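So you can see what is in the structure, the chains are spelled out below.
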Amino acid sequence: MLLTTITVCFFSCKEEKTIKTEDKVIVSFKKEGTLTLKKADSDSIIKTIDIEIADDDYETQTGLMYRTKLETNQGMLFIFPDAQMRSFYMKNTKIPLDIIYIDENLKIVSFQKNAKPFDETSLPSEAAAKYVLEINGGLADEWQLNVGDQISFTKTTND
């Protein structure tokens, strides 16, 4: 009961994205932008996906925790104030993820592929990163993403 109360309080900051059921909180995807992945050598588009953006302390600490699904055309983009070595882990994350570290020039610098749900092992970047993209586990290989490939993104305006 205490855990449920803490979980509900934990998500109260993002009420528009949460649904409370009898004993659990379900967090749903909310499109906040679009991200395009491009090949480094040709600038050709690999994939365009909808993104949710994590750009404050609460959102970057929560990430995709507690989610039960993420569609193939969806991801979460973490935006940090500066580029530095980053490390993520999978605590309270129910779905396997590919974690893609991206530098201040929007180039992929490293990957952590197929991160295991609930694993609290540190998953560090291999170079300084200002952005981190999380997508479903296995998609980085399926989309043939490589270090050096680039991203571009736009935020959705709420008019």
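Structure: see above.
Please read these numbers as outputs of a predicted model, since none were measured by experiment. (Residues numbered from 1 in each chain as written. Predicted model: local features only at pLDDT ≥ 70, side-chain atom pairs only at ≥ 80, totals over all residues. Heavy atoms only, no water.)

Asker: Got a minute to help me understand the pairing of strand β10 (residues 129–136) in this structure?
Answerer: Where a strand is regular, its side chains alternate between the two sheet faces. Of all 8 residues in β10, 8 are buried; the element is thus mostly enclosed. Across 5 bridges, the pairing between strand β5 (residues 74–84) and β10 is antiparallel. In the strand pairing of β10, I79 is matched with Y131. Two strands pair when backbone bridges link them, and strand β7 (residues 97–102) and β10 are joined in this way by 6 bridges, in the antiparallel orientation. When the bridges of β10 are listed, I100 appears paired with L133. (Buried < 20%, exposed > 50% of the residue type's maximum accessible area, 1.4 Å probe, protein only. Helix = DSSP H or I, 4+ residues; strand = E, 2+ residues; numbered from the N terminus. Pairing = 2+ DSSP bridges.)

Asker: Sorry if this is basic, but what is going on with the side chain of E32 here?
Answerer: Mapped onto the fold, E32 is located in the loop between β2 (25–27) and β3 (33–38). No salt bridge forms around the buried E32; measuring N to O, its nearest opposite-charge neighbour K30 is 4.2 Å away. A polar atom in the side chain of E32 sits 2.6 Å from the backbone nitrogen of I53. (Lys, Arg positive; Asp, Glu negative; His and termini not counted. Salt bridge = Lys/Arg side-chain N within 4 Å of Asp/Glu carboxyl O. Polar contact = N/O pair within 3.5 Å; in protein donor to acceptor, adjacent residues only side chain to side chain.)

Asker: Please clarify how the packing of aromatic side chains should be interpreted in this entry.
Answerer: The relative placement of two aromatic rings is captured by the distance of their centres and the angle of their planes. For the structure on display, the rule yields 5 aromatic pairs. An angle of 65° between the planes, with centres 5.7 Å apart, marks the rings of Y131 and F153 as edge-to-face. Residue Y131 is located in strand β10, and its partner F153 is located in strand β11 (residues 150–155); the two are separated by 22 residues in the primary sequence. Among the residues examined, Y131 registers a relative accessible area of 10% and is labelled buried. (Phe/Tyr/Trp six-rings, centres within 6.5 Å; stacked < 30°, edge-to-face > 60°.)

Asker: Honestly, the pairing of strand β4 (residues 45–54) in this entry has me stumped. Any pointers?
Answerer: Sheet topology places β3 next to β4; 6 bridges connect them, and they run antiparallel. Paired with L37 across the bridge in β4 is K47. Hairpin connection, β3 to β4: the antiparallel pair is bridged by 6 residues, and D43 has positive phi, about 65°. Looking at chain direction, β4 and β5 are connected through 5 bridges and run parallel. Residue pairing across strands places I51 opposite G75, the latter belonging to β5.

None of the figures reported here should be taken as evidence of function without further support.
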